[in-house]
Amino acid sequence: MSNRIIFLTRAYYPNIGGVEKHIYELSKKLVERGWRITIITEDRVDKNSPLQEKDYRIDGVEIIRIPVGGDDWFKKFRIWRWIWQQREIFLRADLTHCHDVFFWYLPLALLYPMRPVYTTFHGYESYPIKTKAIIYRKIFEYMSNRTICVGKFMTKWYHAHPTKIIYGAATIHRQKIIPKKNTAIFIGRLDEHTGIDIYVQAVALIRKKIPDFTLTVYGDGPLRGEIESPGIVVKGFDPKADREIGKYEFAFISRYLAILEAMVAKRLVIAHYDNQVKKDYLTMTPFAQWIDICSDAQRIVQTVLESEPRKDQIDSAYHWVSEHSWDDLVDVYLLLWHYDSW
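Scoring rules and cut-offs
- Residues numbered from 1 in each chain as written.
- Predicted model: local features only at pLDDT ≥ 70, side-chain atom pairs only at ≥ 80, totals over all residues.
- Heavy atoms only, no water.
- Salt bridge = Lys/Arg side-chain N within 4 Å of Asp/Glu carboxyl O.
- Helix = DSSP H or I, 4+ residues; strand = E, 2+ residues; numbered from the N terminus.
- Buried < 20%, exposed > 50% of the residue type's maximum accessible area, 1.4 Å probe, protein only.
- Pairing = 2+ DSSP bridges.
- Contact = heavy atoms within 4.5 Å.
- Axes fitted to C-alpha atoms, helices over the stretch in contact; angles between N-to-C directions.

Observations concerning the pattern of salt bridges
- Taken as a whole and assessed by the stated rule, the structure comprises 21 salt bridges.
- A salt bridge links E125 to R137, with the nearest nitrogen and oxygen atoms 3.3 Å apart. Taken together, the positions of E125 in the loop between β6 (117–122) and α5 (131–143) and R137 in helix α5 put the pair 12 residues apart, joining distant regions of the chain.
- Residues D315 and K311 are paired through a salt bridge, measuring 2.6 Å at the closest nitrogen-oxygen approach. Note that D315 and K311 are positioned in helix α12 (residues 311–321) at a spacing of 4 residues, about one turn of the helix.
- A relative accessible area of 25% means that D315 is categorised as partly exposed.
- Beyond isolated ion pairs, a larger network of salt bridges with shared partners links K29, E32, R33, D327 and D331.

Spelled out as structure tokens, the structure:
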């Protein structure tokens, strides 16, 4: 057996994001176990990414980028044409695993229905969730051999019946860093979907009670110009921002991977939601009891001002995340593919 896997994904390293990191770390670990990994993705590299090369091999992972052209109605047809022209790549592989973009694989799924294909569904498209998005996911779930959902909330909002529910993974380490008091860190894109505007409002209110309170922001996006204000330090994108979490007292974070990284660093997570889907995204997790989930700036302020040492809560979170390393995630995927002996 060639032990060859193809991952289909809209974006990949050096682009920065939760899905990109998920696939990047997973691929590296699979290579260490003897698998040959090929990433097929769009040919767009974010201007804020640390590297700008488009086609290369890194950490033993082969990366092939599709020349997708512009974001117009014909884009999907250009992707389908490219995949059809390169179908031999897929036919030589043991399996294909789609990360959200199953529709890319549709031509081959229809023409080669016996070829093994799997799907991981990451997050949600927008709020409110459109009926069309639910229908598409159900079709792709049906056409996949097995599926993974990143978050139990999908069983409610998308009526999903995944083979496995996961929440990502983290690099497990023991930090003995003393955080600087009255500080918080935010990691993520600076747009309305990540709650950065609400965190900034909360900082302004907190500073009325604690004048030296500061929020350090690792990220970039359309709201950057609006959030730069007293008490807010914007560092921009940093692929190693998770290593900085231990330096801060609070983690203003609401995405799974960053939450897990804050739990590893033993920091109190304050996660914001602004709609019912995001609320379920946070509350329908096995670690919801160990993070503070807030719906508005006032609640964030209250949590910070009333915060006292929560050793039991933080230790319980660390214990849970310690059982969710990247190696553990690899085992989940191998079991999904029924290659548990590798």
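Digging into the sheet that holds strand β5 (residues 95–99)
- Spatially, the 8 strands line up as an open sheet ordered β3-β4-β2-β1-β5-β6-β7-β8, and their pairing is mixed. The open sheet has two edge strands, β3 (57–58) and β8 (164–166), and neither has a second partner.
- Sheet strands in contact with α5 are β6 and β7 (147–150), and its direction is about 145° off that of β6.

All quantities given are derived from atomic positions and should not be read as evidence of function.
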